[in-house]
Amino acid sequence: MHEVGVAQRMVEIALAAAAESGGGKIVSLRLLLGTLTCVDPATLAFAFTVAARGTPAEGARLDVEPRELLTACSCGAHGGDVVRGRELRLDTLDLEEPLSTGSTP
Amino acid sequence: MTTEVTLAQDVLHDNARDAEANRARFRAAGVYVLNLMSAPGAGKTTLLERTVEALKGKLRLAVITGDIATTRDADRLAAHGARVVQLNTGGACHIEAHQIEQAARPFALDALDLLLIENIGNLVCPAEFDLGEHDKVMIYSCTEGHDKPAKYPLMFKEAKALLLNKIDLLPYTNFDVDAALADARALNPAVEVFQLSATQGTGFGAWLGWLENRVAARRS
């Protein structure tokens, strides 16, 4: 239900990282999305499209990698501590422009 | 040609940072903080009214009550003599940590034993946002149906205690207590369960005892 806020934060993070890497258009963005989070991928994709409008992330492809729930319990149920499945984590982005040579951040 | 840039950033990083700051502040002040979450209409405010009334004179407590709009909950709780701040999110489906930092400003935290946060009525989003509380408590009313743990696993998984409310209405529903609690415990084997009725006061002794123990453990 808070996908719009999540999408806005994603665009902010992506734009800041792109600017730090020399700028350029963002082609794609990879997100790790745990199945235990309360974020709906389709709603997020739509919110991202809107949030990216008018920015270097406009039109960027959002690749969502689902992270299935894994808990630290061997009992077969989901009672243990969450090892994986709560991620809402930006992994990488692809920039259209190559890094300008000679300037290392 | 494209260039890959590593981000490795949690999208909710800002909230996690604010929550840690809150937690440090609460710890330094020695105040025990609970985040109460439930669906709308599960009985959070009624439960808080009875809790505040019962703890009057025993614990120094304050309440931050969150709603999308209105000060109705704050008015109800203030009528019981509670120090209360109403937080209006203006449409947002959950409370975030920075809002708690602001809402708690009027309170002298080191003069409090217990701070109760009544989250927005919503089974989905509040579970995702750490506020810096010590424990999360979920209120789950039997009129909601016994399928909710399976449908909304995150909140049931995050809860330290589960308050099964409105048990006085059980005879009028087809709610299966055993099935609901089995599903909740499959997600969260350590969860403390209290069956109670906030309107009738049934089962309140055990809940209040647990709460007072948690506060005492924080103080020592």
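Each remark here, short or long, concerns the structure printed above.
Small disclaimer: the values here were computed from a predicted structure and weren't measured.

## Focus: unusual backbone geometry
Residue and element names in this part refer to chain B.
- Located in the positive-phi region is alanine 8, a residue other than glycine, with phi close to 45°.
- A positive phi angle, near 80°, is found at threonine 70, a position not held by glycine.
- In this fold, threonine 70 is placed in the loop between β3 (61-67) and α3 (72-78).
- Residue threonine 70 is classed as partly exposed on the basis of its relative accessible area, which comes to 38%.

## Re the packing of helix α2 (residues 44-55) of chain B against helix α8 (residues 204-219) of chain B
Residues and elements named next belong to chain B.
- Two elements in contact, α2 and α8, have axes separated by 11 Å at closest approach and are oriented at 65°. The angle between α2 and α8 falls in the class roughly perpendicular. Between α2 and α8 lies a crossing whose hand is right-handed. Residues Leu47, Arg50, Thr51, Ala54 and Leu55 of α2 pack against Phe204, Trp207, Leu208, Leu211 and Glu212 of α8.
- Taken together, the residues of the contact of α2 with α8 break down into seven nonpolar, one polar and two charged.

## Some remarks on the pattern of salt bridges
Residues and elements named next belong to chain B.
- Applying the stated criterion across every chain, the model contains 24 salt bridges over all chains.
- Between glutamate 20 and arginine 23 there is a salt bridge; the shortest N-O distance is 3.0 Å. In this pair, glutamate 20 and arginine 23 both sit in helix α1 (residues 13-29), three residues apart, roughly one turn of the helix.
- Taking the relative accessible area as the measure of exposure, glutamate 20 reaches 43% and is therefore partly exposed.
- Under the relative-accessibility criterion, arginine 23 is labelled buried at 15%.

## Describing the sheet that holds strand β2 (residues 61-67) of chain A
- Read from one edge of the open sheet, four strands run β2(A)-β1(A)-β5(A)-β1(B), paired in mixed fashion. Where the open sheet ends on each side, the last strands, each with one partner, are β2 of chain A together with β1 (3-10) of chain B. On average, each strand axis in the sheet is tilted by 15° relative to the strand beside it, whichever way the strands run.
- Pairing analysis gives seven bridges linking strand β1 (residues 26-34) of chain A to β2 of chain A, with the strands arranged parallel.

## Regarding helix α2 (residues 41-52) of chain A
Residues and elements named next belong to chain A.
- With twelve residues, α2 extends 16 Å between its outermost C-alpha atoms, agreeing within 8% with the 16 Å of an ideal straight helix rising 1.5 Å per residue.
- Among all positions in α2, only Leu44, Ala47, Phe48 and Ala52 are buried. Along α2, the residues classed as buried sweep out an arc of 125° about the axis, all on the same side. Those residues of α2 that are exposed and angled more than 90 degrees off the buried face are Ala42 and Phe46.
- Lining the buried residues of α2 we find α1 (3-20), β1 and β2.

## Some points on the pairing of strand β7 (residues 161-165) of chain B
Residues and elements named next belong to chain B.
- When you tally the buried positions in β7, you get five out of five residues, the bulk of the element.
- Side chains Ala161, Leu163 and Asn165 of β7 all project onto a buried face; the interleaved residues Leu162 and Leu164 project onto the opposite face, where all are buried too.
- Strand direction decides the pairing type here: strand β6 (residues 135-141) and β7, joined by five bridges, are parallel. Within β7, the residue paired with valine 137 across the bridge is alanine 161.
- Between β7 and its parallel partner strand β8 (residues 192-195), the chain crosses via helix α7 (residues 177-187), and the hand of that crossover is right-handed.

## Thoughts on the environment of valine 6 of chain A
- With respect to the secondary-structure elements, valine 6 of chain A resides in helix α1.
- With a relative accessible area of 2%, valine 6 of chain A lands in the buried category.
- Here the alpha-carbon distance between valine 6 of chain A and alanine 51 of chain A, two residues 45 residues apart in the chain, equals 9.8 Å.
- Look past the residues within four positions of valine 6 of chain A in its chain and what remains in contact with it is Val39, Leu44 and Leu88 of chain A together with Val11 and Leu12 of chain B.

## Observations regarding the interface of chain B and chain A
- Counting residues at the interface gives 29 residues for chain B and 34 residues for chain A.
- Summing both partners gives a buried area of about 2,700 Å² for chain B against chain A, and 60% of it is carried by carbon and sulfur.
- Ranking the residues of chain B by area buried against chain A places Leu7, Val11 and Glu128 of chain B at the top, with a combined share of 25%.
- Applying the counting rule to chain B against chain A returns four salt bridges.
- A salt bridge links arginine 86 of chain A to glutamate 128 of chain B, with the shortest nitrogen-to-oxygen separation between them at 3.7 Å.
- Every element with two or more residues in the side of chain B that touches chain A is listed here: β1, α6 (153-158) and α7 of chain B.
- Take the side of chain B that touches chain A: its biggest share by element is eight residues, from β1 of chain B.
- Where strand β5 (residues 88-95) of chain A lies against β1 of chain B, six bridges are found, and the strand directions are antiparallel. Bridge pairing in β1 of chain B links arginine 89 of chain A to aspartate 10 of chain B.

Criteria and cut-off values
- Residues numbered from 1 in each chain as written.
- Chains lettered and ligands numbered in written order.
- Predicted model: local features only at pLDDT ≥ 70, side-chain atom pairs only at ≥ 80, totals over all residues.
- Heavy atoms only, no water.
- Helix = DSSP H or I, 4+ residues; strand = E, 2+ residues; numbered from the N terminus.
- Buried < 20%, exposed > 50% of the residue type's maximum accessible area, 1.4 Å probe, protein only.
- Axes fitted to C-alpha atoms, helices over the stretch in contact; angles between N-to-C directions.
- Parallel < 35°, antiparallel > 145°, perpendicular 65-115°, else oblique.
- Left-handed = near helix turned anticlockwise from the far one by under 90°.
- Contact = heavy atoms within 4.5 Å.
- Nonpolar A, V, L, I, M, F, W, Y, C, P; charged D, E, K, R; others polar.
- Salt bridge = Lys/Arg side-chain N within 4 Å of Asp/Glu carboxyl O.
- Pairing = 2+ DSSP bridges.
- Expected span 1.5 Å × (residues − 1).
- Arc of directions from axis to C-beta.
- Right-handed = clockwise from strand over helix to strand, strands pointing away.
- Buried area = accessible area lost by both parts, 1.4 Å probe.

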